[in-house]
Amino acid sequence: MTLSKDQMAARVARDIAHGAYVNLGIGQPTLVADHLGAESGVVLHTENGMLNMGRAAVGDEVDQDLVNAGKIPVVEPPGAAYFHSADSFAMMRGSHLDVCVLGAFQVSAAGDLANWHTEAPDAIPAVGGAMDLAIGAKSVFVMMTLFAKDGTAKLVPECTYPLTGVGCVSRVYTDLAVFELGGGTDGRDVAVVETFGTSYDELAQRLAVPLRRAHDRG
Amino acid sequence: MTLSKDQMAARVARDIAHGAYVNLGIGQPTLVADHLGAESGVVLHTENGMLNMGRAAVGDEVDQDLVNAGKIPVVEPPGAAYFHSADSFAMMRGSHLDVCVLGAFQVSAAGDLANWHTEAPDAIPAVGGAMDLAIGAKSVFVMMTLFAKDGTAKLVPECTYPLTGVGCVSRVYTDLAVFELGGGTDGRDVAVVETFGTSYDELAQRLAVPLRRAHDRG
Amino acid sequence: MTTICDSAAAAVAGIEDGATVLIGGFGLAGMPIRLIDALIDQGATDLTVVSNNAGNGDTGLAALLAKGRVRKMICSFPRQSDSHVFDGLYREGRIELELVPQGNLAERMRAAGAGIGAFFCPTGVGTPLAEGKETREIDGRTYVLEYPIKGDVALIGGHRADRMGNVVYRKTARNFGPVMATAAATTIVQVREVVEVGELDPEAVVTPGIYVDRVVAV
Amino acid sequence: MTTICDSAAAAVAGIEDGATVLIGGFGLAGMPIRLIDALIDQGATDLTVVSNNAGNGDTGLAALLAKGRVRKMICSFPRQSDSHVFDGLYREGRIELELVPQGNLAERMRAAGAGIGAFFCPTGVGTPLAEGKETREIDGRTYVLEYPIKGDVALIGGHRADRMGNVVYRKTARNFGPVMATAAATTIVQVREVVEVGELDPEAVVTPGIYVDRVVAV
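Residues numbered from 1 in each chain as written. Chains lettered and ligands numbered in written order. Predicted model: local features only at pLDDT ≥ 70, side-chain atom pairs only at ≥ 80, totals over all residues. Heavy atoms only, no water.

**Student:** Could you give me a rundown of the overall build of chain A, with the residues and numbers involved?
**Tutor:** What chain A contains, in helices and strands, is 4 helices and 13 strands. Expected size for 218 residues packed as a compact globule is a radius of gyration near 17 Å; at 17 Å, chain A falls within 12% of this value. Based on the C-alpha atoms only, the size of chain A along its principal axes is roughly 50 × 40 × 30 Å. Every one of the 218 residues in chain A was classed for burial, and the buried ones make up 59%. Considering only contacts within chain A whose residues lie at least 6 apart along the sequence, 58% involve residues at least 24 apart. Counting only carbon and sulfur atoms, one obtains 51% of the accessible surface of chain A, whose full area is about 8500 Å². (Helix = DSSP H or I, 4+ residues; strand = E, 2+ residues; numbered from the N terminus. Rg over C-alpha atoms; globule rule 2.2 N^0.38 Å. Buried < 20%, exposed > 50% of the residue type's maximum accessible area, 1.4 Å probe, protein only. Contact = heavy atoms within 4.5 Å. Areas by Shrake-Rupley, 256 points an atom, 1.4 Å probe, with all protein chains shown as cover.)

So, in structure tokens, the structure goes:
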């Protein structure tokens with residue numbers, strides 16, 4: 001069975017170490033938080049200036065001074081800390097976060113990420129913290145469907161959309177498979193870690209990137 | 001009458017505007033604080049991380065966690081703020097302080113400052129915040145005796161001691177006169193603002209720098 | 001010296017046509033709505049506005065844009081669900097846009113406030129936003145040279161201020177405020193409450209009064 | 001993840017010969033005396049120590065120097081009235097000294113923690129401490145290119161920490177601690193008290209737990 005968004009989020013959460021400091025990009029990656037309970041020891045960072053960010057606020061908890069990077073009201077758990085934007089991005093740029101989970105339009109075999117701009121004729125470009133997130137964390141995980149609605153693959157030999165970061169993605173979590181990037185002698189070797197409702201051979205046929213099985217460490 | 005150290009400090013204080021943010025270098029410049037009462041509205045900065053620094057602590061007020069840049073215990077008046085060293089020097093380097101008062105071995109006619117190292121054979125070099133202070137404040141005042149104990153002038157055509165900062169001093173307060181630097185078309189014009197127990201002509205004779213009277217604005 | 005103003009109108013007096021105005025806030029959190037409203041009434045035009053977003057809905061920054069007062073936006077994330085005012089102006093070619101990654105926006109203003117001439121930053125390397133910029137490899141990593149962003153004026157939304165201008169923020173409304181306060185020639189802060197000197201904890205002051213020119217309680 | 005250690009010995013375990021050790025404090029304020037004592041007992045040698053001063057009296061950093069464990073000091077102000085241990089070693093040629101202006105020391109460590117590759121700084125231009133360094137004129141002012149200072153370990157004196165590693169300092173003992181905490185691979189903090197999560201004000205946390213690896217109450 002292919003994975004639902006929620007199952008993808010659970011699969012990402014499984015690979016996040018106990019006690020890690022993690023930034024979840026806006027959109028689908030936010031769902032990963034639902035699978036990181038208190039027992040995970042994970043501390044969430046939001047780039048608008050908070051560590052140990054809590055869950056979405058409901059009802060009377062909503063406070064316009066307390067929002068996440070998607071401008072959704074959240075709550076403040078015990079042990080939180082606030083800081084300004086320059087300190088927040090210093091934290092990210094300085095490689096202090098263990099994991100960042102991002103959405104993507106495309107990821108290349110070499111780990112290049114494109115997730116900020118489609119170059120559609122009428123699109124207004126907006127980058128936010130995407131480029132900082134892409135190069136900041138120790139590990140950058142991408143969470144996306146493997147194929148776009150028109151059927152084209154989003155894991156590609158080279159990104160055709162404008163890049164967000166170069167060679168920055170280490171793992172790609174999709175509805176059909178989990179991939180590990182950056183292997184091989186040229187750093188362009190894509191390992192299939194796990195498949196869901198499909199097979200390695202089927203993936204090898206549908207994707208234009210060079211694949212290998214994850215256990216083939218050579 | 002030539003000025004005592006305390007009178008020099010009072011003379012410097014007279015030129016500090018109401019409400020100014022001021023850093024007083026260690027040693028003699030510290031005396032300026034005695035002439036900046038609450039009515040002056042002056043806020044003192046100490047580069048080890050405090051704004052609105054208070055007077056020296058006495059008796060039970062002494063707290064090892066609360067010292068000035070000379071490592072002398074001080075007190076915390078209402079309205080103080082603490083910050084770390086990078087923020088403190090950002091405040092200085094970013095030209096947010098109005099006035100910095102420093103001691104000096106030599107000051108050149110062009111406003112070069114030498115106050116950190118005599119190059120004596122056995123001297124251990126130590127710079128502390130001197131170079132940051134020299135280039136940071138909007139106005140840098142030097143407070144020193146005009147002549148060294150051996151009779152040599154400390155206001156000189158060119159510094160012979162290693163520099164702390166280039167062209168950074170705007171005013172020099174001494175026991176014999178107050179000088180304003182940086183005038184003239186080449187920025188090497190020294191104006192005598194006021195004399196104490198000496199005369200313009202006598203100074204012109206004893207100093208090797210090109211002098212003019214302060215009111216000769218030409 | 002910090003001036004406590006009686007009205008938002010008094011606080012924004014004197015902002016000139018053509019000014020670069022830094023406006024705090026991340027979405028609505030920390031947005032100085034009352035100061036922006038006063039700026040609209042004040043009438044300054046041909047402005048360059050630096051802010052993380054480019055206005056939400058029809059009030060605040062969006063209203064300033066709608067009046068045609070802004071020549072250029074420097075921001076990280078103009079496109080939002082409710083950024084129709086900016087979107088319209090941009091599509092009609094009636095406003096310039098300089099898109100800056102969010103962390104670079106913060107760090108470039110921090111550099112302006114801290115007296116840093118330029119800095120080598122890893123964010124955006126290999127992306128369209130670094131095109132034409134100087135790059136350098138340092139210790140095996142490629143960096144882009146980024147320059148400071150200075151403001152003539154900063155408009156900031158704080159939480160409380162004392163009469164010396166020390167400011168504290170609240171939760172994630174802190175965001176860009178503290179950085180912008182350091183980067184502008186004139187910093188204007190709206191707060192919910194002005195308190196007496198001594199009422200703020202000196203350990204918890206985020207923006208010391210040295211950075212604050214005018215405060216208004218709204 | 002932050003580990004709360006039972007002893008200073010446990011806190012400094014594993015520091016390797018040849019390590020670069022950042023040591024907080026300005027004089028005795030914020031000096032992590034107990035961690036330094038534990039480091040002496042632990043035995044690591046051939047160290048490079050980065051600290052504002054080079055030891056006072058015969059205890060703490062001075063004792064570490066006296067044991068011959070330090071190959072090189074990087075500091076701003078080694079020469080003090082009670083720096084006889086360093087003075088002796090330096091005159092005998094038994095210790096290297098890299099003298100760094102105090103603000104550059106702070107900013108270079110901040111750059112290390114913030115992922116900045118290098119920065120153009122106005123401090124020290126035209127002085128012996130900038131000799132041989134790259135310079136550049138930007139907007140009519142000359143700057144020196146300065147590089148980050150990274151630590152393998154930071155030893156810091158804080159005031160209180162919670163069990164998540166969030167740290168607050170006290171008064172001017174804050175100084176270099178928060179900057180060094182960001183600049184080292186392993187950050188070790190001694191505090192007077194470890195409190196439960198939730199007991200520190202999230203608005204007043206100075207060093208968030210993400211920067212803190214080990215804490216010990218002494």
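After presenting the structure, the write-up continues.
**Student:** Any chance you could break down the interface of chain A and chain C for me, citing the residues and the numbers?
**Tutor:** Each partner contributes residues to the interface: chain A has 36 residues there, and chain C has 43 residues. For the side of chain A that touches chain C, the secondary structure elements donating two or more residues are α2 (85–93) and α3 (130–136) of chain A. Ranked by residues supplied to the side of chain A that touches chain C, first place goes to α2(A) with 4 residues. Taken together, the residues of the side of chain A that touches chain C sort by class into 18 nonpolar, 10 polar and 8 charged. (Nonpolar A, V, L, I, M, F, W, Y, C, P; charged D, E, K, R; others polar.)

**Student:** Describe the environment of D:Thr186, naming the residues involved and giving the relevant values.
**Tutor:** Residues and elements named next belong to chain D. Position of Thr186 among the secondary structure elements: in strand β12 (residues 184–191). Residue classification places Thr186 among the partly exposed positions, given a relative accessible area of 22%. Taking the C-alpha atoms as reference, Thr186 lies 8.3 Å from Tyr211; in sequence the two are 25 residues apart. Among all residues touching Thr186, those that are not within four sequence positions of it are Asp152, Val153, Ala154, Asp213 and Arg214.

**Student:** Any chance you could break down the pattern of salt bridges for me, citing the residues and the numbers?
**Tutor:** Enumeration over the complete set of coordinates arrives at 53 salt bridges over all chains. Two residues, B:Glu194 and B:Arg11, come together in a salt bridge whose shortest N-O distance is 2.6 Å. You can see B:Glu194 sitting in strand β12 (residues 189–195) and its partner B:Arg11 sitting in helix α1 (residues 5–14), a full 183 residues away along the chain. Overall, B:Glu194 belongs to the partly exposed group, its relative accessible area being 25%. The partner of C:Glu146 in a salt bridge is C:Lys133, and the shortest N-O contact between them spans 3.0 Å. Here C:Glu146, found in strand β8 (residues 141–146), pairs with C:Lys133, found in the loop between β6 (118–121) and β7 (135–138); they are 13 residues apart in sequence, far enough to count as distant. Assessed through its relative accessible area of 31%, C:Lys133 is described here as partly exposed. By sharing partners, the salt bridges in this structure join A:Arg11, A:Arg14, A:Asp15, A:Arg171, A:Glu180 and A:Glu194 into a single network. (Salt bridge = Lys/Arg side-chain N within 4 Å of Asp/Glu carboxyl O.)

**Student:** For the confidence of the model for chain C, give the residues involved together with the corresponding values.
**Tutor:** This prediction gives chain C a mean pLDDT of 97; 100% of its residues lie at or above 70. Predicted as a complex, the structure gets a pTM of 0.97 and an ipTM equal to 0.97. (pLDDT = per-residue confidence, 0-100.)

**Student:** With reference to specific residues and values, describe the interface of chain D and chain A.
**Tutor:** Every contact between the two is made by 20 residues of chain D and, on the other side, 22 residues of chain A. When the two sides are added together, the surface that chain D and chain A hide from each other amounts to roughly 1600 Å², 61% of it contributed by carbon and sulfur. The interface formed by chain D and chain A contains 0 salt bridges. Our count for the contact surface shared by chain D and chain A stands at 6 residue pairs in polar contact (both at pLDDT 80 or more). Looking at the side of chain D that touches chain A, the element that brings in the most residues is helix α5 (residues 102–114) of chain D, giving 3 residues. For the side of chain D that touches chain A, the residue count by class is 10 nonpolar, 7 polar and 3 charged. (Buried area = accessible area lost by both parts, 1.4 Å probe. Polar contact = N/O pair within 3.5 Å; in protein donor to acceptor, adjacent residues only side chain to side chain.)

**Student:** Which residues make up the packing of aromatic side chains, and what values go with them?
**Tutor:** According to the stated counting rule, one finds 7 aromatic pairs over all chains in the structure shown. Ring geometry for B:Phe105 and B:Tyr161: centres 5.8 Å apart, planes at 70 degrees, overall edge-to-face. Of this pair, B:Phe105 sits in the loop between β5 (99–102) and β6 (106–108) while B:Tyr161 sits in the loop between β9 (155–156) and β10 (171–173), and the two are 56 residues apart along the sequence. For the ring pair C:Phe120 and D:Phe120, a centre distance of 6.2 Å and an interplane angle of 45 degrees mean the geometry is tilted. Of this pair, C:Phe120 sits in strand β6 while D:Phe120 sits in strand β6 (residues 118–121), placing the two residues on different chains. Just above the ring of B:Tyr200 sits the side chain of B:Arg213; from NZ or CZ to the centre is 4.1 Å. (Phe/Tyr/Trp six-rings, centres within 6.5 Å; stacked < 30°, edge-to-face > 60°. Lys NZ or Arg CZ within 6 Å of the ring centre and 35° of its normal.)

**Student:** Talk me through the packing of α2(A) against helix α5 (residues 102–114) of chain C; I want residue IDs and the actual numbers.
**Tutor:** Two quantities define a packed helix pair, namely the angle between the helix axes and the distance between the axes. Contact geometry for α2(A) and α5(C): axes closest at 8 Å, N-to-C directions at 120 degrees. Judged on the interaxial angle alone, α5(C) and α2(A) are oblique. Seen along the crossing, α2(A) lies across α5(C) with a hand that is left-handed. Along its contact with α2(A), which presents A:Ser85, A:Ala86, A:Phe89 and A:Arg93, the element α5(C) presents C:Gln102, C:Gly103, C:Ala106, C:Glu107 and C:Arg110. Residues belonging to the contact of α2(A) with α5(C) are distributed by class as follows: 3 nonpolar, 3 polar and 3 charged. (Axes fitted to C-alpha atoms, helices over the stretch in contact; angles between N-to-C directions. Parallel < 35°, antiparallel > 145°, perpendicular 65-115°, else oblique. Left-handed = near helix turned anticlockwise from the far one by under 90°.)

**Student:** Run through the side chain of B:Ser40, naming residues and quoting values.
**Tutor:** All names here are of chain B. Here Ser40 is to be found in the loop between β1 (21–24) and β2 (43–46). Residue Ser40 is classed as buried on the basis of its relative accessible area, which comes to 13%. For Ser40, the contacting residues outside a window of four places in its chain are Ala17, His18 and Gly19.

**Student:** Quick one: what's the story with the environment of C:Arg94, residue by residue and with numbers?
**Tutor:** Residues and elements named next belong to chain C. Mapped onto the elements of the fold, Arg94 is located in the loop between α4 (84–91) and β5 (96–99). When the C-alpha atoms of Arg94 and Gly68 are compared, they prove to be 8.4 Å apart, with 26 residues separating the residues in sequence. Setting aside chain neighbours within four positions, we find Arg94 in contact with Val70 and Leu89. Engagement of the side chain of Arg94 in a polar contact is seen with the side chain of Glu92, the distance being 2.8 Å.

**Student:** Describe unusual backbone geometry, listing the residues and the values that go with them.
**Tutor:** Of note in this structure, B:Glu119 is not a glycine but carries a positive phi near 60 degrees. Mapped onto the elements of the fold, B:Glu119 is located in the loop between β7 (113–114) and α3 (130–136). A positive phi angle is found at D:Asp139, which is not glycine, with a value near 55 degrees. Looking at the secondary structure, you find D:Asp139 in the loop between β7 (135–138) and β8 (141–146).

**Student:** Run through the sheet that holds strand β13 (residues 193–195) of chain C, naming residues and quoting values.
**Tutor:** Residues and elements named next belong to chain C. Here 3 strands make up an open sheet; going across it, the order is β11-β10-β13 and the pairing mixed. Each edge of the open sheet is held by one strand with a lone partner, namely β11 (167–168) and β13. Pairing between strand β10 (residues 160–162) and β11: 2 bridges, direction antiparallel. Residue Ala161 lies in a different strand from β11, and its bridge partner there is Val167. (Pairing = 2+ DSSP bridges.)

**Student:** I'd like a rundown of the pairing of strand β1 (residues 21–24) of chain A, residues and numbers included.
**Tutor:** All names here are of chain A. Where burial is concerned, the two faces of β1 agree: the one with Tyr21 and Asn23 and the one with Val22 and Leu24 are both buried. Relative to strand β2 (residues 43–46), β1 runs parallel, the two being bridged by 3 bridges. Opposite Val22, over in β2, you have Leu44 as the bridge partner. Across 3 bridges, β1 lies against strand β5 (residues 99–102) in parallel orientation.

**Student:** Give a detailed account of α2(A), specifying residues and quantitative values.
**Tutor:** Residue and element names in this part refer to chain A. Burial of α2 is extensive: 8 of the 9 residues sit out of reach of the surface. Looking at α2, one finds that the buried residues are Ser85, Ala86, Ser88, Phe89, Ala90, Met91, Met92 and Arg93. Once α2 finishes, Ser95 follows within two positions and takes phi at roughly 65 degrees, a positive value.

**Student:** Give me the pairing of β5(B): which residues, what numbers.
**Tutor:** Residues and elements named next belong to chain B. Residues Val99 and Val101 point to one face of β5 and Cys100 and Leu102 to the other, with burial holding for every one of them. Note: β5 against strand β8 (residues 139–143), 4 bridges, orientation parallel. Following the sheet pairing, Cys100 is matched in β8 by Val140.

**Student:** Account for the sheet that holds strand β3 (residues 50–51) of chain B, naming residues and giving values.
**Tutor:** Residues and elements named next belong to chain B. Ordered by their spatial adjacency, 10 strands build an open sheet running β4-β3-β2-β1-β5-β8-β10-β11-β12-β13, and the pairing between neighbours is mixed. Every other strand in the sheet has two partners, leaving β4 (81–82) and β13 (211–213) as the edge strands with one partner each. Of the strands in this sheet, β5, β8, β10, β11 (177–183) and β12 are in contact with α1, which crosses β8 at around 165 degrees. On the sheet, helix α2 (residues 85–93) packs against β1, β2 and β3 and is oriented at approximately 120 degrees with respect to β2.

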